[in-house]
Amino acid sequence: MLKKSLAVILSIAVAVSGLWFATKLLEPKYMSGILEGAMISEYYDDPTDHNVVFIGDCELYENISPVYLWNNYGINSYIRGSAQQLIWQSYYLAEETIRLEHPDAIVFNVLSMKYNEPQNEAYNRMTIDGMRWSSSKVGSINASMTDEENFIEYVFPILRYHSRWSDLNADDWDYLVNRDKVSFNGYYMRVDEKPAEDVPEGRPLTDYQFGDNAYYYLDKLTKLCKDNDVELILVKAPTLYPYWYDEWDQQMIDYAKSNDLTYINFLNLQDEMGLDWNKDTYDGGLHLNLSGAEKMSDYFGKVLVEEFNIPDRRGEAELDSYWNTVNDRYELEKERQTNNLELYGTVHDPDENK
Amino acid sequence: MLFTSYEFIGFLLAVFVIYYLLPGKMQWPFLLLASYAFYFIADPRYLIFIAVTSVTTFFAAKAISDKKIAFDTWFKGHKKEYEKEERKALKAAEKSKEKKIFLACLLLNLGILAVTKYTNFTIANINSIMSTFGSENGISFVDLIIPMGISFYTFQSMGYLIDVYNGKHEAQDNLFKYGLFVSFFPQLVQGPISRYSDLSKTLYEEHRFNWRTVSFGLERILWGFFKKLVIADRILVAVQAIIADTDTYNGFYAFAGAMFYALELYADFTGGIDITIGVAETMGIKVTENFIRPYFSKNIKEYWNRWHITMGTWFTDYIFYPISASQFMMKLSKKSRAKLGNNLGKRVPVYLSSFIVWFTTGIWHGASWNFIVWGLGNFVVIMISQELDPFYRWFHSKVKVAGTFGWKLFQVVRTVLIMSSLRMFDCYRDVPLTFKMFGSIFTDFSPSQLKVEAFTGMGLTVYDYAVVFVGMLILVGVSLVQRSGSVREKIATLSAPIRFVIWYGLFMATLIFGAYGIGYSASQFIYNQF
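The rules we used
Residues numbered from 1 in each chain as written. Chains lettered and ligands numbered in written order. Predicted model: local features only at pLDDT ≥ 70, side-chain atom pairs only at ≥ 80, totals over all residues. Heavy atoms only, no water. Helix = DSSP H or I, 4+ residues; strand = E, 2+ residues; numbered from the N terminus. Expected span 1.5 Å × (residues − 1). Contact = heavy atoms within 4.5 Å. Buried area = accessible area lost by both parts, 1.4 Å probe. Salt bridge = Lys/Arg side-chain N within 4 Å of Asp/Glu carboxyl O. Polar contact = N/O pair within 3.5 Å; in protein donor to acceptor, adjacent residues only side chain to side chain. Nonpolar A, V, L, I, M, F, W, Y, C, P; charged D, E, K, R; others polar. 1 Å grid on protein atoms, 1.4 Å probe; cavity = no way out; pocket = protein on both sides within 12 Å on 5 of 7 lines; lining within 4 Å. Points joined across faces, edges and corners; volume = space filled by probe spheres on them. Buried < 20%, exposed > 50% of the residue type's maximum accessible area, 1.4 Å probe, protein only. Axes fitted to C-alpha atoms, helices over the stretch in contact; angles between N-to-C directions. Parallel < 35°, antiparallel > 145°, perpendicular 65-115°, else oblique. Left-handed = near helix turned anticlockwise from the far one by under 90°. Pairing = 2+ DSSP bridges. Domains from an automatic or database assignment.

Caption draft 1: Spatial organisation of helix 5 (residues 150–165) of chain B. A rise of 1.5 Å per residue sets the reference length of helix 5 of chain B, with its 16 residues, at 22 Å; its end C-alpha atoms lie 22 Å apart and thus fit the reference within 8%. The positive-phi residue at the C-terminal boundary of helix 5 of chain B is G167 of chain B, with phi of around 75°.

Caption draft 2: Representation of the interface of chain A and chain B in the model. Listed per partner, the contact involves 20 residues of chain A and 18 residues of chain B. Buried area between chain A and chain B, both sides added, is near 1600 Å², and the carbon and sulfur share of it is 72%. Viewed at the interface, chain B and chain A are joined by 0 salt bridges. Viewed at the interface, chain B and chain A are joined by 7 residue pairs in polar contact (both at pLDDT 80 or more). At 7 residues, helix 1 (residues 2–26) of chain A tops the list of elements feeding residues into the side of chain A that touches chain B. Partitioned by chemical class, the residues of the side of chain A that touches chain B number 9 nonpolar, 6 polar and 5 charged.

Caption draft 3: Representation of empty space enclosed by the protein in the model. Residue and element names in this part refer to chain B. Taken as a whole and assessed by the stated rule, the structure comprises 3 cavities of 30 Å³ or more. Approximately 50 Å³ is the volume attributed to the second largest cavity. Around the second largest cavity sit V239, I242, I243, A254, G257, A258, M424, C427 and Y428, which together line it. Of the residues that constitute the lining of the second largest cavity, the class distribution is 8 nonpolar, 1 polar and no charged.

Caption draft 4: Region of the structure containing the pattern of salt bridges. Applying the stated rule across the entire model yields 38 salt bridges over all chains. Its salt-bridge partner being R336 of chain A, residue E333 of chain A comes within 2.9 Å of it at the nearest N-O pair. Here E333 of chain A pairs with R336 of chain A, and both are found in helix 15 (residues 317–344), just 3 residues apart, close to one helical turn. For E333 of chain A, a relative accessible area of 17% corresponds to the buried category. E289 of chain B is the partner of R220 of chain B in a salt bridge, and the nearest nitrogen-oxygen pair spans 2.9 Å. Of this pair, R220 of chain B sits in helix 8 (residues 211–244) while E289 of chain B is found in the loop between helix 9 (252–282) and helix 10 (300–306), placing the two residues 69 residues apart along the sequence.

Caption draft 5: Seen up close, the side chain of N289 of chain A. Residue and element names in this part refer to chain A. Within the fold, N289 resides in the loop between helix 13 (270–273) and helix 14 (290–308). According to the relative accessible area criterion, N289 is buried, its value standing at 0%. There is a polar contact of 2.7 Å between the side chain of N289 and the backbone oxygen of K279. At a separation of 3.2 Å, a polar atom in the side chain of N289 contacts the main-chain amide nitrogen of S291. Once residues within four sequence positions are removed from consideration, N289 is found in contact with Y187, R190, V191, D192, E193, K279, D280, T281 and Y282.

Caption draft 6: Seen up close, the packing of helix 14 (residues 347–365) of chain B against helix 15 (residues 369–387) of chain B. Residue and element names in this part refer to chain B. One can describe the packing of helix 14 onto helix 15 by two numbers: an axis separation of 7 Å at closest approach and a directional angle of 150°. Taken together, helix 14 and helix 15 sit at an angle that is classed as roughly antiparallel. For the pair helix 14 and helix 15, the sense of crossing is right-handed. Judged by residue contacts, R347, Y351, S354, F355, W358, F359, T361, G362, I363 and H365 of helix 14 engage F371, I372, W374, G375, L376, N378, F379, I382, M383, Q386 and E387 from helix 15. Split by residue class, the contact of helix 14 with helix 15 holds 12 nonpolar, 7 polar and 2 charged.

Caption draft 7: Molecular detail of the sheet that holds strand 3 (residues 105–109) of chain A. All names here are of chain A. With parallel pairing, the 5 strands of this open sheet are ordered in space as 2-1-3-4-5. Looking at strand neighbours, the two that pair on one side only are strand 2 (77–81) and strand 5 (262–265), the edges of this open sheet. Here the strands of the sheet are splayed against their neighbours by 20° on average, with no regard to which way each runs. Direction of pairing for strand 3 relative to strand 4 (residues 231–236): parallel, over a ladder of 5 bridges. Bridge assignment links I106 to a residue of strand 4, and that residue is L232. Strand contacts of helix 5 (residues 87–100): strand 1 (52–56), strand 2 and strand 3, with the helix running at about 155° to strand 1, the strand carrying the most contacts.

Caption draft 8: Broad picture of the domain arrangement of chain B. Residue and element names in this part refer to chain B. Here the domain parsing of chain B yields domain 1 (19–133 + 148–208) and domain 2 (213–529). Summarising the inter-unit geometry, the C-alpha centres of domain 1 and domain 2 are found 29 Å apart. Counting residues at the interface gives 32 residues for domain 1, matched by 35 residues for domain 2. Across the domain 1-domain 2 interface, the total number found is 1 salt bridge. Counting every contact that joins domain 1 to domain 2 gives 16 residue pairs in polar contact (both at pLDDT 80 or more).

Caption draft 9: Quick peek at helix 6 (residues 121–128) of chain A. Residue and element names in this part refer to chain A. With 6 of 8 residues buried, helix 6 is to be regarded as a mostly interior element. The set of residues buried in helix 6 consists of E121, N124, R125, M126, T127 and I128. Looking at the packing, one finds that the buried side of helix 6 touches helix 2 (39–42), helix 5, helix 7 (135–144), helix 8 (151–155) and helix 9 (158–161). Its side-chain oxygen placed 2.8 Å from the backbone nitrogen of A122, N120 serves as the N-cap of helix 6.

Caption draft 10: Structural view of the side chain of H50 of chain A. All names here are of chain A. Secondary-structure assignment places H50 in the loop between helix 2 and strand 1. A relative accessible area of 2% places H50 in the buried class. Among the polar contacts made by the side chain of H50, one reaches the side chain of D46 at a distance of 2.5 Å. Within polar-contact distance, the side chain of H50 engages the side chain of T48 at 3.4 Å. Non-local contacts of H50, meaning those with residues more than four positions away in its chain, are made with Y43, N76, S77, Y78, E101, H102, P103, D104 and N185.

If you want it as structure tokens, here you go:
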């Protein structure tokens, strides 16, 4: 009887281990090429309590440098950003963040207000897969799923990623369990330059009104922050494309006013920040490069300190130690990308996938 | 709800757990409820059709059976009162009354099948004829729903009715029990076409949880999923590419397409049946086998005794024999023997009966000329094969190859090639195109078509083909082992670690190499459409 029980237990253990191994092997690692998929999970590795948490899409994680904010203002911040992060995903990330810590302010980039429905499975995955299991993750999955998706594929990722068996490469073995850091407290660094030329004007839309679903989650985000005494700051990053319509801007102005929130449209502050679209973007105006991100961080840091009283925490031993580590990586990455640019004309190593 | 969907697996799990938690007497009513829920989820409107078929055949069969029993009882007590001729007349009168009920029910249900499945096909043909005669005003097509599995459950019900009418067994007394026989969800969508006398043996019994039965059922389900997801749904991509672009994919590609389709259809259909039989088995219910390694058949006749067996026997028992034994055929036989001589004349009724069977087999598969021609193609091949029998005997008397491995292999390959060629009618848009593509195999062959790049341009990578190839080898290997008995029984005798490696390996192979989920379009089982 004992022998049989042991055999059953052993069989179950082997079966579960096999499934775990296969899942880990087949999951995308996002360690080269598309790094954005690895960013959400990195948040849990930061042991510090943040005063400011940025939540949103690439207009935040490529345009704000938390390292710069720390070095120059002593602001302990983190960007919980992911590619095409939709507002309901931002809401659930904010909900989880507030459950895990208590930031003074949450900064939300409003570009995602233009999406009213689930969009793209691949982007959903990059935002949601990295979240730890909680009611927030469940809520985010349910709100985000496209018609082709199934909840069970989030519970058992092997059901989604099994088809990667023919695409496995060295990264899948190298990063089977542990991953490298790809961001700097959520910031995705690029040092190269590509001037913004011929940025297209926005095409007229038939309807400029943001959707009900987008407003529903913005209301939830507002209530969440108010209920938890967290300052919600709405921002529109200064990037030139996707186009930000005046009608959209007015809706955000009105919303902020009626809900007693701060809304900052950085598109209107380009001169004050000193942005130079010939030098401060790496992809022709879609995103800022490091130079642009540091300029924006410099301006925004001042706003956070002066208008929202975000404290300067430099001098706290634990934080100093943490940020020294991040800063070292930051400088090394800056150097690596700069060297690559000189050697190969691109920030990427020649043996990188991308 | 596709058999390969997460929803079906969830549904199955729920049914399984509840089934074994319920007291034995409640098990079959619960299965009826689950079967109707399964049908309801597919489309609530389908319920009306299956309910009408169930109710009408139940009451018709009951009326026939009751009349039969009442008459037999009365007749036993009174037959001495009548002369032989009077007794014959009484029996005939009784049979005539039963026949009226029988025919009314048969026509109603076959009428439903005909209207739902064949109305637009009929309209299309009428319009085609009208346009030939210059008429521009065609009849508009009608928007009809075709209930899922209607061909299967209608045939199953009609089989039951015919058996009761012929006195093979008495009618079921309980409408709900009969309802379960018609709607039993694992076999509702693609068969097998069960006989009441077979399925009822275990369908209504109380079943206690038995690990061996359940594990055997699960193993069969897993094997079905492997065939469907790893082989059928993966090679499907290449089949679809070849069919969709006939300008590019002719010649050798058309041949490859026919071979790929043969593999896909086998893995798809037998995989679905494995899931059906496995699901039933986990609940202690025995469903009739539908395949016995058909690709090992040495001739077409044997092939049809091993492929979709329940359909073949249905057509044989309920169409071929009644037609062959009908008064009309008897008269025709007499006349043809008189006019054409005994040797040729005796074949006329047999061939006519076979022609009718294959015509109906074809049209049962689908409302299109492709299927009709496919059915008649089978008829022609079987007839030619029969007519060539003297030649084969002469050949074997001269050349001593019969019984050798080489000859057997030749016979198997020949059968596969003939059946695959006929199945090209399943694939292409219409009959002329099918003939054209078949002809192109011989006329448009070019060595450049053999390049690997040509096949990787069909939406599959070299890795995909490798998976299909290995899957096919496993299929062949299992079939070879199966010839000497149940593979599951054999595996059950192996040591626990080896059993674990086999079944866990199959599970992981299906999980990883299966063509399912995002990036793959969920493919309906091919036979669901029938």
